[in-house]
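Residue-level structural notes
Next come the chains, spelled out residue by residue.
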Amino acid sequence: MAIKLTVLFITLILSVYFDYKYLKIKNFIVYPAMLAGFLINLIMSGTGGLKDSFLGIIVPFITLFLFYALRFLGAGDVKLFSAIAAIMGIRFVIYCMAYSFLFGGFLALLIMIKRKNFFERFKKLLLYLRDLFIFMKLEKYQEFDGEKSGFFRFSYAVSGGVAITLIHQLTIGLYIV
């Protein structure tokens, strides 16, 4: 388990650094992490571990594709979840995704309070949801290259989600191989 956690933390640290510095999680971080996850799980658990890693890579891609298409998440964020799944397994990443979105919501709230634009951002979200559900107008929520008043780096939320998932695992007993 120590090797998994080491690879996981190195992946997270590099992802957060590059997301902070360049606003992107680079492929040269996530793809080697996925490969390392495959190899570690193959060695530790045989073909069952390899299957868990493979399914783990697919699940975030499928479940988060709509969020990527609507520009709620970047491609690097989705690939980061896949890398986490390859390392820690499918069950871990499902909890991690849920906790990351909760933690991300908390971070977003703090950012809006700090930037004093809570009502402006909330109004933008309501208008977007109105257009989506009432007018059936499917558009990207936000262009990442444009205004940044509602933008934050989701790798921070993913790191928080990983931390909460690990605490959950240690305290409540989430079964992870």
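Scroll up for the structure.
In what follows, the accompanying structure is described. Note that the structure is a prediction, hence the values are computed from the model and not measured. (Residues numbered from 1 in each chain as written. Predicted model: local features only at pLDDT ≥ 70, side-chain atom pairs only at ≥ 80, totals over all residues. Heavy atoms only, no water.)

**A few points about the overall build of the chain**
- What the chain contains, in helices and strands, is 6 helices and 0 strands.
- Along its sequence from the N terminus, the chain presents helices and strands in the succession α-α-α-α-α-α.
- Every one of the 177 residues in the chain was classed for burial, and the buried ones make up 40%.
- Here the chain has roughly 10,200 Å² of accessible surface; of this, 73% comes from carbon and sulfur atoms. (Helix = DSSP H or I, 4+ residues; strand = E, 2+ residues; numbered from the N terminus. Buried < 20%, exposed > 50% of the residue type's maximum accessible area, 1.4 Å probe, protein only. Areas by Shrake-Rupley, 256 points an atom, 1.4 Å probe, with all protein chains shown as cover.)

**Structural notes on the nonpolar core**
- Ranked by internal contacts, the top residues of the largest apolar core, which has 31 residues, are Leu8, Phe81, Ile84, Phe92, Val158 and Val162.
- Ranked by residue count, the leading element in this core is helix H3 (residues 75-88), at 9 residues. (Core = buried A, V, L, I, M, F, W, Y, C linked by side-chain atoms within 4.5 Å.)

**Quick look at the packing of helix H2 (residues 27-69) against helix H4 (residues 90-115)**
- Interhelical geometry of H2 versus H4 gives an angle of 30 degrees and a closest axis separation of 8 Å. Judged by the inter-axis angle, H2 sits roughly parallel to H4. Where H2 approaches H4, its residues Asp52, Leu55, Gly56, Val59, Pro60, Thr63, Leu64 and Phe67 are matched on the opposing element by Ile90, Val93, Ile94, Met97 and Phe101.
- Residues of the contact of H2 with H4, tallied by class, amount to 10 nonpolar, 2 polar and 1 charged. (Axes fitted to C-alpha atoms, helices over the stretch in contact; angles between N-to-C directions. Parallel < 35°, antiparallel > 145°, perpendicular 65-115°, else oblique. Contact = heavy atoms within 4.5 Å. Nonpolar A, V, L, I, M, F, W, Y, C, P; charged D, E, K, R; others polar.)

**With respect to the pattern of salt bridges**
- Tallied over the entire structure, the rule returns 1 salt bridge.
- A salt bridge links arginine 130 to aspartate 131, with the nearest nitrogen and oxygen atoms 2.8 Å apart.
- With a relative accessible area of 35%, arginine 130 lands in the partly exposed category. (Salt bridge = Lys/Arg side-chain N within 4 Å of Asp/Glu carboxyl O.)

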